[in-house]
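Summary of the model geometry
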Amino acid sequence: MYESIRIAPSILAADLLHLRDEVELALKCGADELHVDVMDGHFVPNLSNGPDVVKALRRGFPDAWLDVHLMLSEPERYLETFAKAGSSSLTVHAEAVRSPDTLMKIRELGIQPGISLKPATPVSALKPFLPLAERVLIMTVEPGFGGQKLMRSCAEKALELRKLGFGGHIACDGGVTFENAPELAALGIDTLVMGTAFFRAENPQAVADMVHAL
Ligand code: DX5
Ligand code: ZN
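Remember, predicted model here, so these are calculated numbers, not experimental data.

Another aspect to go through is the site of ligand 1. Neighbouring residues of ligand 1: 20 residues in total, closest S10, D37, G144, D173 and T196. Burial of ligand 1 by the surrounding chains reaches 99%, relative to a free accessible area of 380 Å². Elements represented by at least two residues in the shell around ligand 1 include exactly β2 (34–40), β4 (66–71) and β9 (191–194). Top element by residues in the shell around ligand 1 is β2. It accounts for 3 residues. Per-class residue counts for the shell around ligand 1 are 8 nonpolar, 10 polar and 2 charged.

What follows is the structure, encoded as structure tokens:
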């Protein structure tokens, strides 16, 4: 469906003291997009990356694709803010959005809409969103923290999504490693979000090359 599997380094695992260098490294390695986690301490039990981080990334990296993963209880309140900050795509959670109209709103802001689901949420819950979504982000860990172990049963939701005829990007997020990347690609996942496995790797270039060769 896609020419090669795409890698989306998650800056949650980057060394924040050297964020510019970390992003430069990711782009030099061929990162297809950057994954920016936004957490509100309510939808998930952690806090991260407000709109100013997106703004700074956009200023420093005008051509980078910034996929902003909104782990917020009320994403509707912040869509415009994150659009203005320079997001390329905005991914919201099915458990948090008020209705599929939220994806329409994202589209009207000129941003690519994405929908995400937590491990306990079945693919059937996405049905009303799929006609409006250009990407689905399957959570393969409980959202909130990096460095957890991937739940393979969650990744298998990709098979169901493809069976439903979803033709957009399917990404998976959480616990993706050098070792499990090939089996994820075999499930029809075309974008691998990698935090720890990319930024904490001894050789991030080798990780990106391996993903692109899948
Ligand atoms: C977790 C975040 C992920 C996180 C993944 O809630 O949504 O994007 O950065 O980190 P790793 O790849 O370390 O599991
Ligand atoms: Zn994420």
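Anyway, onward from the coordinates.
Another aspect to go through is helix α9 (residues 204–212). Here α9 has its buried residues at P204, V207, A208, M210 and V211. Each buried residue of α9 sits inside an arc of 160° when the element is viewed along its axis, so together they form one side. Packing partners of the buried residues in α9 comprise β1 (6–9), α1 (19–28), α7 (181–186), β9 and α8 (196–199).

Surrounding the zinc ion (ligand 2) are the protein donor atoms H35 (NE2), D37 (OD), H69 (ND1) and D173 (OD), at 2.0 to 2.3 Å. If you look at the zinc ion (ligand 2), its 6 donor atoms make angles of 72 to 171° with each other, and the shape they trace is octahedral. Each donor residue of the zinc ion (ligand 2) belongs to the same chain, and together they define the spacing H-x1-D-x31-H-x103-D. Taking relative accessible area as the criterion, H35 reaches 0% and is therefore assigned buried.

Time to look at the packing of aromatic side chains. Enumeration over the complete set of coordinates arrives at 1 aromatic pair. With centroids separated by 5.0 Å and ring planes inclined at 85°, the aromatic side chains of F198 and F199 adopt a geometry described as edge-to-face. F199 matches F198 in its accessibility class, with the two residues each being buried.

Thresholds applied
Numbering of residues starts from 1 in every chain and runs along the sequence as written. Chain A is the first chain written and ligand 1 is the first ligand written, with later ones labelled in order. This being a predicted model, a pLDDT of at least 70 is required before a residue's local features are given, and a value of 80 or more before pairs of side-chain atoms are given or counted; all residues contribute to the totals for chains, interfaces and linings. Side-chain metrics rest on all non-hydrogen atoms present in the structure, leaving aside hydrogens and water. A molecule or strand has a residue near it when one of that residue's heavy atoms lies within 4 Å. Every accessible area reported is derived by Shrake-Rupley at a probe size of 1.4 Å, with residue values counting cover from the shown protein chains alone. Numbering of helices and strands runs from the N terminus; a helix is a DSSP stretch of H or I covering at least four residues, while a strand is a stretch of E covering at least two. Any residue outside Ala, Val, Leu, Ile, Met, Phe, Trp, Tyr, Cys, Pro, Asp, Glu, Lys and Arg is labelled polar, Gly included; the first ten of those are nonpolar and the last four are charged. When accessible area is computed with a 1.4 Å probe and restricted to protein chains, residues below 20% of their type maximum are described as buried, those above 50% as exposed, and intermediate ones as partly exposed. Read the arc as the range of directions from the helix axis to the C-beta atoms. It only takes one pair of heavy atoms within 4.5 Å for two residues to be counted as in contact. Here a donor is any nitrogen, oxygen or sulfur atom (N, O, S) within 2.8 Å of the metal, with 3.2 Å used for Na, K and Ca; water is not among the atoms considered, so some sites may look incomplete. Under this scheme a four-donor centre is tetrahedral when all angles range from 85 to 135 degrees, a four-donor centre is square planar and a six-donor centre octahedral when opposite donors are above 155 degrees with the rest from 65 to 115, and any other centre is irregular. For Phe, Tyr and Trp, where Trp contributes only its six-membered ring, two rings pair if their centres lie within 6.5 Å, and the inter-plane angle classes them as stacked under 30 degrees, edge-to-face over 60, or tilted in between.

This is a description of form; function is not addressed.
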